Amino acid sequence: MVQAAGSDRWRAILDVHPPHPDRAMEDCWSPVAGGITAPKGFQASGVAAGLKPSGARDLAVVVAPPGASCAGVFTRNQVRAACVDLCAERLQRTGGKARAVIVNAGQANACTGDMARAESERITTALAQRLNLPPEQIQICSTGVIGQPLPMDRLLKGQVSLTAELAATKEAAAAAAEAILTTDLVSKHYALEAQIGERRVRLGGMAKGSGMIHPDMATMLAFVTCDAGVDPQWWQQALQAAVDRSLNAVTVDGDTSTNDTVLAFAAGPPLPTEHLPQLALGLERLCCGLAKAVARDGEGATCLLEVQVTGTATAAEARTVARTVCGSSLVKTAIHGRDPNWGRIVAAAGRAGVPLDPDALALRIGPHPLLKDGRPLAVDLATVRRYLQERAGGAYLQDDCVEIHLVVGTGPASGSAWGCDLSQEYIRINAHYTT
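Here the residue numbers are simple positions, counted from 1 along each chain's written sequence. Where totals are concerned, whole chains, interfaces and linings use all residues; where local detail is concerned, this predicted model gives features only for residues with pLDDT of at least 70, and gives and counts side-chain atom pairs only at 80 or more. Side-chain metrics rest on all non-hydrogen atoms present in the structure, leaving aside hydrogens and water.

1. Here's the deal with the nonpolar core
With 72 residues, the main nonpolar core has W235, L247, L279, I365, V402 and L406 as its most contacted residues. Tallying contributions element by element places helix α7 (residues 276–296) first for this core, with 11 residues. Any two residues whose heavy atoms approach within 4.5 Å at even a single point are treated as in contact. Apart from the residues lying within four places of it in its own chain, the contact partners of L279 are W29, I196, V201, L203, C226, V230, W234, W235 and L271. Of all hydrophobic cores here, the second largest spans 56 residues; its members include A60, C70, I123 and C141. The criterion is simple. A nonpolar core is a set of buried Ala, Val, Leu, Ile, Met, Phe, Trp, Tyr and Cys residues joined through side-chain atoms within 4.5 Å. Relative accessibility thresholds used throughout: buried, under 20% of the residue-type maximum; exposed, over 50%; partly exposed, between the two (1.4 Å probe, protein chains only). Put simply, DSSP marks the helices as runs of H or I at least four residues long and the strands as runs of E at least two long, and each gets a number from the N terminus on.

2. Quick notes on unusual backbone geometry
The phi torsion at N132 lies on the positive side, around 60°, for a residue other than glycine. Along the chain, N132 falls in the loop between α3 (114–131) and β6 (138–145). Positioned with a positive phi, R338 is a non-glycine residue whose angle comes to about 55°. Residue placement: R338 occurs in the loop between α9 (329–336) and α10 (342–350). On the basis of relative accessible area, R338 is assigned to the buried category, the value being 13%.

3. Points about the side chain of Q107
Its place among the elements puts Q107 in strand β5 (residues 100–107). The buried category is assigned to Q107, whose relative accessible area is 7%. At 2.7 Å, the side chain of Q107 forms a polar contact with the backbone oxygen of L51. Other than its neighbours up to four places away in sequence, Q107 contacts L51, S142, T143, G144, V145, Q148, P149, L150 and P151. Two N or O atoms form a polar contact when they lie within 3.5 Å of each other; inside protein one atom must be a possible hydrogen donor and the other a possible acceptor, and for residues adjacent in sequence the pair counts only when both atoms belong to side chains.

4. Let's talk about the sheet that holds strand β1 (residues 30–31)
Strands pair in a sheet through their backbones, by hydrogen bonds, and they do so in one of two ways: parallel or antiparallel. A pair of strands is considered paired only if DSSP assigns at least 2 bridges between the two. Here we have 6 strands laid out as an open sheet, ordered β1-β7-β8-β9-β10-β4, and mixed in their pairing. Looking along the sheet, the strands with just one partner apiece sit at the ends: β1 and β4 (69–74). Angles here are taken between N-to-C directions and fall from 0 to 180 degrees, while the axes themselves are lines fitted to C-alpha atoms, restricted in helices to the stretch in contact. Strands β4 and β10 (261–266) of the sheet are contacted by helix α2 (residues 82–94), whose axis makes an angle of about 140° with β4. Strand contacts of α7: β1, β7 (188–196), β8 (199–208) and β9 (221–226), with the helix running at about 160° to β7, the strand carrying the most contacts.

5. Here's the deal with the sheet that holds strand β15 (residues 401–407)
Across the sheet, 6 strands lie side by side as β14-β13-β12-β15-β11-β16; this open sheet has mixed pairing. Two strands in the sheet have a free side with no partner beyond their single neighbour: β14 (375–376) and β16 (413–420). Two elements, strand β13 (residues 368–372) and β14, share 2 bridges in a ladder whose sense is antiparallel. Each bridged residue has a counterpart across the sheet, and for K372 the counterpart in β14 is R375.

6. As for helix α11 (residues 381–392)
With 12 residues, α11 extends 17 Å between its outermost C-alpha atoms, agreeing within 8% with the 16 Å of an ideal straight helix rising 1.5 Å per residue. What α11 keeps buried is the set V384, Y387, L388 and R391. Considered in projection along α11, the buried side chains sweep an arc of 95° and stay on one side of the axis. Under the convention used throughout, the expected extent of a helix is 1.5 Å for every residue step, that is, one less than its residue count. What the arc covers is the set of directions going from the helix axis to the C-beta atoms.

7. Some details on helix α8 (residues 315–327)
Note: α-helices contain 3.6 residues per turn, so residues at a spacing of three or four share the same orientation. Taking 1.5 Å per residue as the helical rise, α8 with its 13 residues ought to reach 18 Å, and the 18 Å between its terminal C-alpha atoms agrees with that figure. Turning to α8, its buried residues are A318, R319, V321, A322, T324, V325 and C326. Buried residues belonging to α8 abut α6 (232–245), β11 (304–312), α9, α10, β15 and β16.

8. Things to note about the pairing of β4
Of all 6 residues in β4, 6 are buried, a share of seventy percent or more. Pairing of β4 with β10 involves 6 bridges; the strand directions are antiparallel. Directly across from S69, in β10, lies its bridge partner A266.

9. Concerning the pattern of salt bridges
When a carboxyl oxygen of Asp or Glu is within 4 Å of a side-chain nitrogen of Lys or Arg, the pair counts as a salt bridge. For the structure on display, the rule yields 13 salt bridges. The closest approach of N and O atoms between R57 and E178, which form a salt bridge, is 2.9 Å. In this pair, R57 sits in the loop between β2 (43–47) and β3 (59–63) while E178 sits in helix α5 (residues 170–179), placing the two residues 121 residues apart along the sequence. E178 sits in the partly exposed class, given a relative accessible area of 31%. With a shortest N-O distance of 2.7 Å, R117 and E89 are connected by a salt bridge.

10. Brief notes about the pairing of β16
With 6 of its 8 residues buried, β16 lies for the most part within the structure. As defined by bridge partners, β11 adjoins β16 across 8 bridges and the pair is classed as antiparallel. Bridging across to β16, V309 finds its partner in G415.

In short, the description is geometric, and any link to function would need to be established separately.
As structure tokens, this is what we get:
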């Protein structure tokens, strides 16, 4: 998406250190507190500007240090909000540079005609003046009900407290993560730290997403910060690779939004090129953490669903099969009913459009083998049912994950996807979303 200013030197670095981390590499990343502000130099805030009828926080901002690289991945939905186009155009014009993003929750500001673009530009211009930055350096994201314009007076007035409360604290990060939510039940923020060479590097992130979640770019709003300086071109490719393996591997309901955006900021002392693969590994791990949190918080969900597929020719094929199984309404309802109906799983895999060998199929739900060499195994289904019941009663994002392992052939590749069960609560929430 971003054609950043890249020299022959950086093109050579991309060839030697591609943004696809070696899976055998030592994973030195560990969780730390702080969320989006954990990396040095980043500030955030979140306030209640009156955009939500509930009076909850609904306006957030993240500000990066000078010289920040910014990468973006955006919805491929042909019906997309004006703010998405504005973000993509600005990254193109600046060569992958940005200093801040402002996010409103409550109104998507999509499908409202030319007014949507004008309002997005007005909002970012006002913020740019407050931060003493060029408008081109400001990104904007909106989330909420499609077809609803922004209450501009409230939003512009809310920028006063938004900028006044900017801070590099974990409290400010938590406020920002709360302010971007819509139907989410919980905030989603995460940070990692690693010793890379002679320095400590941190990655921070926050996301929102609960419904209208399906792979076709990034499937929600998500924001990443990093306190290592990197070339914008490499950063863009690293983000795309990480998103493909994580945020693009989740599905809740098969729908892709008009506003889906992932933005990643990186600013700080340059990281030596030999350490770029380690940074790419951390970026992928951070995005996987956010992806799992989004899938688990699916509207009405009672458990997380993780499908691991092996035996394909390529990792992309494995992820396609895994996403198809995760997205199957029959699989999702069976999981919700604690029904070990494994036939639905292999049937979904068979329609994924990926070559598979029926005689090589093997399936395991949790620790329980159900299928081998394409033939069912003798198993106590009541035991499998208890496993599903225990997962639904497990602690949030700790032991509430139903694991499905599927072998579809003898190929060398593997891949994973994440989803959730489908409950009557999902219907209730979405049947009355605007009322």
